[in-house]
Structures are given as structure tokens and as C-alpha cells.
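If you want the building blocks of each chain, they are given just below.
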Amino acid sequence: MYPCSNPELVAAVSEAGGIGIVQPISLTYVHGHDFREGLRLVRRLTSKPIGMNALIEESSKTYRTRMERWIEVALEEGVRFFVTSLGNPRWVVDRVSAAGGVVYHDVTERKWGEKGRDGGVDGLVAVNDRAGGHAGGRSAKELLEELLPLGLPLVCAGGIGNEDDFARVLRMGYAGAQLGTRFIATPECRASEAYKRAIVAAGERDVVLTERLTGVPVAVIDTPSVRRLGTRAGPVARLLLRGRRTKRWMRTIYALRSLRALKRGLLRDAPERDVWQAGKSVAGIERIEPAGEIVRRFAAAWRATAAA
Ligand SMILES: Cc1cc2nc3c(=O)[nH]c(=O)nc-3n(C[C@H](O)[C@H](O)[C@H](O)COP(=O)(O)O)c2cc1C
């Protein structure tokens, strides 16, 4: 999660039996680690498998070169699980599978699932309409039905706040779950106490979508800052976001702005900076608790359901 995944949180999730995912921009730009040193820090905290998120949307050549380098370093440091989002995952699959690794690809509809399958990915992360971050437009059930025929393992992302939500999606037919929001409300996450408390206090109606951060809808808690920011992109921005040639640089401008706004909103308890991403899973989150306890409680609930 940008900007919420700090090494201590990633390590705690893996140590308990999940797979903590490193987000490279978060690790370096927000939490101030050299990428390789940050990975080594996670490695000192746990010897269990960890993963890396590769946002591979085609933007600038500089970004692509940097992402290629991050993937090389991650492979050198023993990472073998990658989650790609946006873009065509083929080049990541080629590189990672040559090293014996596995790539799952984030998708919000069948069209992107087919692109992932054709790109050779090992599985799909089905991002539904309740997810934090860039939410999809379909329910967990609709996505499952759309994607199952592609014949790949499916991971459910979105709306999983407690163990009942977790057991429900596994019963539905998903092979696993990807959680974001639930892990922000943990002592290991470096987010401010105000952000964590807002997640615990929020109900699902408090989560709104805004296009004003990245140019596409992002799920955030409805706070005074978000109300000031607005939820719809302005008319000029909309036009530029639709244009074939202007789309890419408009998205880049948005991305750079949002990286800054989200970083500012993460660490300090300053009310004027409360731009906080969260999904509708807030409805099931009732307290701040250690990441390891969450993983173990969810796993126990699934074992109990499966045994029944
Ligand atoms: C604060 C936050 C930051 C996120 N950042 C990323 C990201 O950098 N890359 C990515 O692929 N997904 C990102 N996501 C999406 C998550 O990987 C996951 O799909 C989503 O959180 C699932 O929904 P949930 O928040 O209801 O658990 C982010 C989600 C949140 C809440």
C-alpha cells in the first residue's frame, strides 16, 4: 500500500503466515529507506516469504527503468512473489518466472483478466467495488463469475474487514484474499493515530470515491480535506484525461500530486492533512490490533469454517 506499507508492517504480516507486500515507492519515498536496505530490514524482522507490488502503468521511461531495477534488486534479495497492477505484466512475468518466482495481477474486470492471462501471470487479484485504493466497479461475486472461466487462481481484494468477511469470500470460491485497510489500523503501521482511529470509527457510508487524487476514482474517508478537494475531476482535467495523447501526462501530473498529498496525510496528526485512503472494509474493523493477530484470527476462522 502506498503510502502505508512500512517494513515493520510487511514483516509482521509475513511472520504470522500471510504474505506482506512491499510497495517500493512507499518504502523509499515515504519511509526513507534505500530500496535494498529496506528489503534487508524486512528480512531481519522475518525469514518468511514477502512480496513486492509493481505498479507497471506505462508512464515515463525513467519510471519504467526504475521499476525494472527494483524488480532486479527484489529478486537478488530473495523476493519471489510479485503483484502487478495496471499495464501489461508480460515483461515482469518473463523476468520473474526465469528466477522461479510467481506473478499475480490486479484486475477489475474480465478484459484486464484476459490481458493478465495472455501476459502469462500465475493468478489474478480481483479488485472489487468495496476495495480501498483504486476500487473496481463490480461486486466480489460478479468478479468471481467473470474471472473463473479464465482458469487461474483468484484472490479477492476489497471489503474484508473481519474474519467473517474473510471466510465468506473463501467459501464463495476465492483462493485467497488481499487486504489493505485492515492492516492500517495496527500498531506496526506508521500511519498517524488520527488515521487509524478514523478507520476504526468509520462506517461504509463514510467511504467515498474521489477522482481528484489520481484522475481515476480512489476510495478515501470522507473528511474535511476530501470535501475541500472535491470528488470529481474538473472539466478541463476530464477532457485531458480522455484525450489519447494528453491522458498519459495528465495521469502523471495527478500521480505526482497525489504521492505528495498522501505522504503528507500519513504521518502527522494534522487535521488539515486528513486525506486518508480506506475501503468499505472499515465497516468490519473495530479496533487497532497487531497485524499478526489479525492474520492468525482470520486463519483460525477459516479453519473452523472449513472443518464444520
Ligand atoms: C492506503 C491504501 C494504499 C494502497 N496502495 C496500493 C498500491 O500502492 N498498489 C496497489 O496495487 N494497490 C494498492 N492498494 C489496494 C490494495 O492492494 C488492496 O487491493 C485493497 O486495499 C483491498 O481493499 P481493502 O482496503 O478493503 O482491504 C491500496 C489500498 C489502500 C487502502
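The structure under discussion appears in the preceding block.
Since the structure is predicted, the reported quantities are computational estimates derived from the model, not experimental observations.

Caption draft 1: Representation of the site of the ligand in the model. The full set close to the ligand counts 22 residues, and Asn53, Ser85, Gln178, Gly180 and Thr181 are the nearest of them. At 2.7 Å from a nitrogen atom of the ligand is found a side-chain nitrogen or oxygen belonging to Asn53. A distance of 2.9 Å separates an oxygen atom of the ligand from a polar side-chain atom of Ser281. Here the ligand has 590 Å² of accessible area as a free molecule, and 92% of this is covered by the chains. Of the residues contributing to the shell around the ligand, the split by class is 8 nonpolar, 12 polar and 2 charged.

Caption draft 2: Spatial organisation of the packing of helix H3 (residues 35–45) against helix H4 (residues 61–76). The interhelical angle for the contact between H3 and H4, taken along N-to-C directions, is 35°, at an axis separation of 10 Å. In this structure, the crossing between H3 and H4 has a hand that is right-handed. Between H3 and H4, the residues in contact are Phe35, Arg36 and Leu39 and Arg69, Trp70, Val73, Ala74 and Glu76, respectively. Broken down by class, the residue content of the contact of H3 with H4 amounts to 5 nonpolar, no polar and 3 charged.

Caption draft 3: Structural view of the packing of H4 against helix H5 (residues 90–98). Look at H4 against H5: their axes get within 11 Å of each other, and the N-to-C directions meet at 25°. As the angle between them shows, H4 and H5 are arranged roughly parallel. H4 and H5 meet at a crossing whose hand is right-handed. Two secondary-structure elements touch here, H4 through Arg64, Met67, Glu68, Ile71, Glu72 and Leu75 and H5 through Trp91, Val92, Arg95 and Val96.

How each quantity is defined
- Going along each chain's sequence as written, the residues are numbered from 1 onward.
- Under the rules for a predicted model, residues below a pLDDT of 70 receive no local features and side-chain atom pairs below 80 are neither given nor counted, while totals for whole chains, interfaces and linings still include all residues.
- Water and hydrogen atoms play no part in the side-chain values, which are based on all heavy atoms of the structure.
- Residues are classed as near a molecule or strand on a simple rule: at least one heavy atom within 4 Å of it.
- Any pair of nitrogen or oxygen atoms within 3.5 Å is treated as a polar contact; in protein, a donor-acceptor pairing is required on top of that, and neighbouring residues in sequence qualify only through side-chain atoms on both sides.
- Surface exposure here means Shrake-Rupley accessible area, sampled with a 1.4 Å probe, where a residue is shielded only by the protein chains that are shown.
- Nonpolar residues are Ala, Val, Leu, Ile, Met, Phe, Trp, Tyr, Cys and Pro. Charged residues are Asp, Glu, Lys and Arg, and all others, Gly as well, are polar.
- Geometry is summarised by axes, namely lines fitted to C-alpha atoms with helices restricted to the contacting stretch, and by angles between N-to-C directions that run from 0 to 180 degrees.
- The numbering of helices and of strands both runs from the N terminus, where a helix is a DSSP run of H or I of at least 4 residues and a strand a run of E of at least 2.
- Crossing chirality is assigned from the near helix's rotation relative to the far helix, an anticlockwise turn below a right angle marking it left-handed and a clockwise turn marking it right-handed.
- In what follows, residue pairs with any heavy atoms lying within 4.5 Å of each other are defined as contacts.
- Note on angle classes: values under 35 degrees are labelled roughly parallel, values over 145 roughly antiparallel, values of 65 to 115 roughly perpendicular, and the remainder oblique.

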